[in-house]
Every structure is written in C-alpha cells, then in structure tokens.
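Single-letter residue listing:
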Amino acid sequence: MGRRDARGHYDGLAAEYDEHWVYGPEYVPWMSGRIADTLRLNPADRIADIGSGTGLFAREVARQLRPSRPIVCVDPSEAMLRGLGTPPPPDLAPVVASAEDVADGRALLPYQEFDAIWLKESVHHVTDQAPTLRGLADRLAPGGRLLIVMLPATIRYPLFKAALARFEELQPDPAEIEVHLRQAGLETRLSHVEHELRIDRDRYLGMVRARYMSLLSTFSDREIGEGVEEMRAAHPEPVLVFPDRFAFILGRRAEESA
C-alpha cells in the first residue's frame, strides 16, 4: 500500500479512527505504558510519535509522563491530526509530514534532534525502509532511542482467510527492520509483547466493514462483504477473544565519547 493510498485511507477514516482502534478501555493505556517503559522516557525528553494519527498513544503517554516539552505528533494526514483537538493540547505539537519528510530533513520540527522517537504500526507504510530508518536514526541525540512497534509477520486475528494471506504478503519482517536499525548505527533489541483482546463480535465485524486496518482497503466492497460473512460463519461466539502480539524493535544511538 503506497503512501498516497495510505493517506487517503486514513483521511477517510479520521473521524471514526479512535472508535475503531480503542478495542477496550485498557488497550491504549497498556500499549502507551509499554512504549514509555521500553523507551525509558523521562519528562525532559524531546519526543516524537511518527505516524501518530489522532494522537491516541501520544495523548496517553503525555498523560502518564507529564512531559516538560510537547510531544511532536507527526502524520501526513491533516485530517487525522485534527483529532488532537483544535487547538491541540499544550503537551502535543502536530506536524503534517511523513516519516520520509522527517528522515530527509524536509519537515519543520520544533527540535533539531530527539531523545526518543517511536513509530507505532506505521513502518509498513514506508516505501524505502532502510534509508528512511537511517534518516530517523540520524535525528537522534546521543543516547537517543528509536522504537518501531509493529505486528509480526503472522497474526492470529479472526479475519477472513484472504485478508490473513494478504497480510503475510505485505507485512515487513521485524527481523529485517532490526537489521535496518543496526545498519543505521544503532544498538538494537527485538522483543515481543502480547495483549489479549476481547471484543463484541458484531462490533468487530463493523470495524472490518469500515476497513479499520489499512490492509482492508486493498479489498473491494464485495470482497469485504464476503469476508465478513465468512467471519460470521467461522465465529458464532458473541465475544471474540484473540491475542494481539507486537514486535518491539528498539534502537539506541551511542553516547558521544568524551
């Protein structure tokens, strides 16, 4: 899925995005806490959430961390960034730009370098991952950390078979992303975290109809309709329970030598 296609997908989904992504009341606090802990954030850090969307996770990180400087929320979709609020809260700073814009120095950012950057499920939208991740690594201050949060190469979501197969065709391998970070000069660590999701079946089917995952925008209305019926037949239970497993790829820039 190209960057332009992804931007159009999220522009269309912006008004309903938070509703689709908040699986339950514990999900966003859990994920935001894992991001903050993995990056070892402290309130004085200069922080960027690249591919922030409506700021779901940046907003919760800010609530937990109480940063002394605004978290920079970078997204190519102006419609998604409007979800931060008008005006945005003082602890969040929206920037309309892509990961490539940041990597290439084209984005107008409030900080010259960052202590912590994260990309939550947005690296698969990056067309040229190796040079873009190298450019993001170059934006780090000495000792700075870059975290890529992504789904693994295979997922156990209750989607229809064609969607699961296409996911495996399109999803980057977390191990390859770790290699890109290492080649960018960062010390790296790959780990996994898992969270159990429980969601009303009819609500989840509605999310699939609304194409809550960008993957689903690659299917026609007819294919989505047939897929939803396949899911309905395969899952008669009223509440779906399935694991949401994520790869956390952490890169750290070395401190400057004395």
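These lines cover the structure that appears in this document, whether it is placed above or below. (Residues numbered from 1 in each chain as written. Predicted model: local features only at pLDDT ≥ 70, side-chain atom pairs only at ≥ 80, totals over all residues. Heavy atoms only, no water.)

## A short note on the pairing of strand 2 (residues 71–75)
This is how it is decided: Only protein chains enter the accessibility calculation, which uses a 1.4 Å probe; a residue whose area is less than 20% of its type maximum is buried, one above 50% is exposed, and one in between is partly exposed. Secondary structure follows DSSP: runs of H or I at least 4 residues long count as helices, runs of E at least 2 residues long count as strands, and numbering of each begins at the N terminus. Strand pairing is assigned whenever DSSP identifies at least 2 bridges connecting the two strands. Assignment of crossover handedness uses the view with strands pointing away from the viewer, where a clockwise path from the first strand over the helix to the second indicates a right-handed crossover.
Burial within strand 2 is extensive, with five of its five residues counted as buried. Of the two faces of strand 2, the one carrying I71, C73 and D75 and the one carrying V72 and V74 are both buried. By the bridge criterion, three bridges tie strand 1 (residues 47–50) to strand 2 in an arrangement that is parallel. For D49, the partnering residue across the bridge sits in strand 2 and is C73. Note that the unit made of strand 1, helix 4 (residues 56–65) and strand 2 has a crossover that is right-handed. Across five bridges, strand 2 lies against strand 3 (residues 92–96) in parallel orientation. Counted as the bridge partner of V72 is A93 from strand 3.

## Structural notes on unusual backbone geometry
With an omega dihedral of 0°, the bond running from T86 to P87 counts as a cis peptide bond. In this structure, R66 is a non-glycine residue whose phi angle is positive, near 55°. The residue R66 is located in the loop between helix 4 and strand 2 in this model. Its relative accessible area of 67% is what places R66 among the exposed residues. With a phi close to 60°, R211 is a non-glycine residue in the positive phi region.

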